[in-house]
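Letter by letter, the chains look like this.
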Amino acid sequence: EVQLVESGGGLAQAGGSLTLSCAASGFTFDAHGIGWFRQAPGKEREGISCLAIDAQTFYIDAVKGRFTVSSDSAKKTAFLQMTNLKPEDTAVYYCAAIRPPFYGFTYYYGVDYWGKGTLVNVSA
């Protein structure tokens, strides 16, 4: 069974930090990019970061310099380190296995597998 299980979400104050984890199983972890998406209340889901299979990283401007994506291949776990959180970061965050190639969120093949999401709520 394919699984992507997010954890680490919760409440944070503006300016605080959280690290999200995504435990993967049931598919070839190293053959996929790992993407992070979020969906804010009333908004469309958007891609925010990706660690591609060639180790290139991608970030949208809204999170660049504040969020960092990484992975532990041996543990088949991806991470999203979030610092200097802002209220506008409030969203459900999803990890995803992205079908290569990936060159940016403007155009890519698509997502093979989705996690179910974890809520991040940032208060002022």
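About the criteria used
Residues numbered from 1 in each chain as written. Predicted model: local features only at pLDDT ≥ 70, side-chain atom pairs only at ≥ 80, totals over all residues. Heavy atoms only, no water. Helix = DSSP H or I, 4+ residues; strand = E, 2+ residues; numbered from the N terminus. Buried < 20%, exposed > 50% of the residue type's maximum accessible area, 1.4 Å probe, protein only. Pairing = 2+ DSSP bridges. Polar contact = N/O pair within 3.5 Å; in protein donor to acceptor, adjacent residues only side chain to side chain. Phe/Tyr/Trp six-rings, centres within 6.5 Å; stacked < 30°, edge-to-face > 60°. Lys NZ or Arg CZ within 6 Å of the ring centre and 35° of its normal. Salt bridge = Lys/Arg side-chain N within 4 Å of Asp/Glu carboxyl O.

Novice: Give me unusual backbone geometry: which residues, what numbers.
Specialist: Among all residues except glycine, the phi angle is most often negative; among peptide bonds, the trans geometry is most common. For the bond running from Pro100 to Pro101, omega is 0°, close enough to zero to count as cis. Along the chain, Pro101 turns up in strand S9 (residues 91–102). The phi torsion at Ala55 lies on the positive side, around 75°, for a residue other than glycine. Within the element layout of this structure, Ala55 appears in the loop between strand S5 (46–51) and strand S6 (57–59). Residue classification places Ala55 among the exposed positions, given a relative accessible area of 56%. The phi dihedral of Asn84 is positive, around 45°, even though this residue is not glycine. Relative to the assigned elements, Asn84 resides in the loop between strand S8 (77–82) and S9.

Novice: Lay out the pairing of S9 with the relevant residues and their values.
Specialist: The pairing of strand S4 (residues 33–39) with S9 spans seven bridges and is classified as antiparallel. Looking at S9, one finds that Phe37 is bridged to Tyr94. Alignment of S9 against strand S10 (residues 108–114), held across five bridges, turns out to be antiparallel. Considered in S10, the bridge of Phe102 is made with Tyr108. The hairpin turn running from S9 into S10, its antiparallel successor, is five residues long, and Gly104 in that turn takes a positive phi close to 145°.

Novice: Can you explain the side chain of Glu6? Please cite residues and give values.
Specialist: Along the chain, Glu6 falls in strand S1 (residues 3–7). From its side chain, Glu6 meets the backbone nitrogen of Lys116 in a polar contact 3.2 Å long. There is a polar contact of 2.9 Å between the side chain of Glu6 and the backbone nitrogen of Gly117.

Novice: Mind laying out the packing of aromatic side chains, listing which residues take part and the relevant values?
Specialist: Any aromatic ring pair is given by two values, namely how distant the centres are and how the planes are angled relative to each other. One pass over the structure, following the stated rule, counts eight aromatic pairs. Site record: aromatic cluster; members linked through ring pairs are Phe37, Phe58, Tyr94, Phe102, Phe105, Tyr108 and Trp114. The ring of Tyr94 carries the charged tip of Arg45 above its face, separated from the ring centre by 3.8 Å.

Novice: How would you explain the pattern of salt bridges if you had to name every residue and give the values?
Specialist: What the rule picks out here adds up to three salt bridges. Between Arg38 and Asp89 there is a salt bridge; the shortest N-O distance is 2.9 Å. One end of the pair, Arg38, is in strand S4; the other, Asp89, is in the loop between S8 and S9, and 51 residues separate them in sequence. Taking the relative accessible area as the measure of exposure, Arg38 reaches 6% and is therefore buried. Looking at Asp89, the relative accessible area reads 1%, which means it is buried. We note a salt bridge from Arg66 to Asp89, for which the minimum N-O separation is 2.8 Å. Taken together, the residues span a long stretch of sequence, with Arg66 in the loop between S6 and strand S7 (67–72) and Asp89 in the loop between S8 and S9 at a distance of 23 residues. Residues Arg66 and Asp89 agree in their burial class; the two are buried. Overlapping salt bridges bring together Arg38, Glu46, Arg66 and Asp89 as one network.

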